[in-house]
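# Close look at the chain arrangement
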Amino acid sequence: MAMAVLLRKVWGSVLARAAAGAAPPEAFAAAASPRRPQAAGEYGSLGALDVLPIDVLAQILRLLGPADAARSTAVCRAWRLLASDNGLWAFFLRLGPDPWELVVFAETHLAAGPALHPGLYYDSSPQLSFKHVYTRRAVVPGSIIVDGGSGYCKYGWSKYAAPSGRCATFLEFGNIESPMYARLRHFLSTIYTRMQVKPSTQPIIVVLPLCHSDDTESARASRKQYKDTLYSVLFDMNVPAVCAVDQAVLALYAAKRTSGIVVNIGFNATSIVPIFQGRVMHEIGVETVGQGALKLTGFLKELMQQRNITFESLYTVRTIKEKLCYVAADYEAEKRKDTLASCEVDGEGWFTLSEERFKTAEILFQPQIGGVRAMGLHKAVSLCMDHCYNSEVFGDDNWYKTVVLSGGSSCLPGLSVRLEKELRELLPAHISEGIRVIPPPFGTDSAWFGAKMISNVSTFTEAWCIKKKQFRQKTRRNGPSFVNVWFSFDKLHNSFGATGVSLEHGKANTDTSEFQPYETRCTK
């Protein structure tokens, strides 16, 4: 009976299209026979629909939608073959909220889960069953994504188009003498409260900031200690499943890559992170440059003060930096150009800059201009590439030639072009050939979108998440947990980079006015 109703619905759709001006079914009769399966009896008859060619039936299934298309497989074998066609389900996936190219990348490169060994990733795209992918993705639960960052935190639902809120990082919550467990619990509880969500209802993806970047036994133990503490906090809050991934790795995923170098311009420092098949290559070396977004903003503040331009706060300077500043392709040539431009800051009026527009970001390449003794960004990236080339760990010598920018200040116009130009001039031909620098694929929120990509992959809960029972079993096997060990604030502060927090009476300032959402020119 249900099948009869479904067939009437399909036939009604065909008649409606014919009435609207489409050719009647009889017009397709002559063309139908060469396209149909060999014999109606072999595949089962479609009754009145036998006169229609295959491509018209495929269009009918598209009009019906995924639910009815799936039900139609019970009609007969011919219909089952049509409803199982990869192209049909690829069409349905294209109509979904996620860009098609990201869906294909995620299902071919990320479905196996975190990189436990290189074999988990595919060198070439396997043949996907898009019907299976669609079905699995449709039931993947929505997750909460928390991207801690080094300057401010972005959080929100994985099913949303962008983060729904921003706040200060976890370093600014609680007493600075508290153990990491207490600070993380305070931080995560605050986010759950702001989102008005019970921890027990949804899985969570936590974006791990780069910390303890050295490849020493102490650094490895510290990274494990931090991750175990995070798991303990969340499972004690009854979170059903947890996925924790490095920030730089997620920024690379957002650019549809699993191997390359990520240049993350953080709040107080810039990290150059080599990543191979989803794993940070600490053994090759993570380069760190001791200047980031805070230094750029501070330098612009100095330049504005030299011209007697008044402003109310550092937030005003940061807003001007985001609206007017850029990276010059040729610094000396840019000084000979007319670069005068103005912008408006809400509540403070108009501001006009000239040479300050490109001089601000120039300290990334010439730190001495800002009175900083540090390595230029291009030199730090070239050093990392040289280490990758000389490591001879892998047969592929091109994996490190893709450079992906991430972090708020990496959105400055012209940065990717300038960095690529400097690298080609600095490196020998056998290394520089094929280098490509990619701007932040999703602006300031690239790592958040990398997490969103993972959260929607068809194998998310099985391949990417760890459950409470799994964590407890692992803890029992590996000995007592580290979660009750007290961390000194100075040690943690140095690992993540100073955040510029103001401390008062042993408390971290939880005023988030400096971290409120702001405009960005980086389009999504």
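See the structure above.
Criteria and thresholds
- Residues numbered from 1 in each chain as written.
- Predicted model: local features only at pLDDT ≥ 70, side-chain atom pairs only at ≥ 80, totals over all residues.
- Heavy atoms only, no water.
- Salt bridge = Lys/Arg side-chain N within 4 Å of Asp/Glu carboxyl O.
- Pairing = 2+ DSSP bridges.
- Helix = DSSP H or I, 4+ residues; strand = E, 2+ residues; numbered from the N terminus.
- Buried < 20%, exposed > 50% of the residue type's maximum accessible area, 1.4 Å probe, protein only.
- Polar contact = N/O pair within 3.5 Å; in protein donor to acceptor, adjacent residues only side chain to side chain.
- Axes fitted to C-alpha atoms, helices over the stretch in contact; angles between N-to-C directions.
- Contact = heavy atoms within 4.5 Å.
- Patch = residues over 30% accessible without salt bridge, like charges linked within 9 Å, V, L, I, M, F, W, Y side chains within 5 Å.
- Areas by Shrake-Rupley, 256 points an atom, 1.4 Å probe, with all protein chains shown as cover.
- Lys, Arg positive; Asp, Glu negative; His and termini not counted.
- Charge placed at Lys NZ, Arg CZ, Asp CG, Glu CD.
- Core = buried A, V, L, I, M, F, W, Y, C linked by side-chain atoms within 4.5 Å.

For side chains of opposite charge, pairing can occur when their charged atoms come near one another. For the structure on display, the rule yields 17 salt bridges. We note a salt bridge from Arg 279 to Glu 283, for which the minimum N-O separation is 2.9 Å. Salt bridges here are not isolated pairs; linked through shared partners, they connect Asp 98, Glu 107, Arg 137 and Lys 452.

For the rest of this paragraph, the subject is the sheet that holds strand S4 (residues 204-208). The sheet built from six strands is open, its strands ordered S3-S2-S1-S4-S5-S14 with mixed pairing. At either margin of the open sheet sits one strand with a lone partner, and together these are strand S3 (165-167) and strand S14 (466-467). One ladder, built from five bridges, connects S4 with strand S5 (residues 241-246); its direction is parallel. By the bridge assignment, Ile 204 is partnered in S5 with Val 242.

For Gln 196, which is not a glycine, the phi torsion comes out positive at approximately 55°. Among the structural elements, Gln 196 can be located in the loop between helix H10 (180-195) and S4. Classification of Gln 196 as exposed rests on a relative accessible area of 74%. The residue Gln 277 is not glycine, and still its phi comes out positive at about 50°. By the element assignment, Gln 277 lies in the loop between strand S7 (270-276) and strand S8 (279-280).

Looking at where Thr 201 falls in the secondary structure, it is placed in the loop between H10 and S4. For the pair Thr 201 and Pro 141, spaced 60 residues apart in sequence, the C-alpha to C-alpha distance is 9.8 Å. Reaching out from Thr 201, the side chain makes a polar contact with the backbone oxygen of Lys 198 at a distance of 2.7 Å.

Let us look at the side chain of Asp 147. With respect to the element layout, Asp 147 can be found in strand S1 (residues 144-147). Here Asp 147 falls in the buried class, since its relative accessible area comes to 0%.

Taking every second residue as pointing to the same face, both faces of S1 are buried, with Ile 144 and Val 146 on one and Ile 145 and Asp 147 on the other. Of the pairings in the sheet, the one linking S1 to S4 comprises four bridges and is parallel in character. By the bridge assignment for S4, Ile 144 is matched with Ile 204.

With that settled, the discussion passes to the packing of helix H7 (residues 86-94) against helix H9 (residues 130-139). Closest axis-to-axis distance for the H7/H9 pair is 8 Å, and the angle between their directions is 35°. Judged by residue contacts, Asn 86, Trp 89, Ala 90, Phe 92 and Leu 93 of H7 engage Phe 130, Lys 131, Val 133, Tyr 134 and Arg 137 from H9.

Together, Lys 227, Lys 474, Arg 476 and Arg 477 give the surface a local cluster of positive charge. Here the positive patch gets three residues from one element, more than from any other, and that element is helix H22 (residues 468-478). Looking at the secondary structure, you find Lys 227 in helix H11 (residues 217-236).

Looking only at H7, the buried set comprises Leu 88, Trp 89, Ala 90, Phe 92 and Leu 93. Packing partners of the buried residues in H7 comprise helix H4 (54-64), helix H5 (66-71), helix H6 (77-83), helix H8 (100-110) and H9. Two or three places before Gly 87, at the opening of H7, Asp 85 has a side-chain oxygen 3.0 Å from that residue's backbone nitrogen.

This part takes up the nonpolar core. Counting residues in each nonpolar core, the largest one holds 46 residues, and the members touching the most others are Ile 272, Ile 320, Val 381, Met 385 and Leu 419. A per-element tally of this core places helix H17 (residues 377-391) first, with six residues. Judged by nonpolar contacts, the second largest core, of 38 residues, contains Ile 205, Ala 241, Val 249 and Val 404.

A word on helix H12 (residues 247-254). Burial runs high along H12: eight of the eight residues are buried. Gln 247, Ala 248, Val 249, Leu 250, Ala 251, Leu 252, Tyr 253 and Ala 254 are the residues of H12 that are buried. Remark: Lys 256 follows H12 within two positions and exhibits a positive phi of approximately 60°.

So far we have only geometry, and geometry alone does not tell us how the molecule works.
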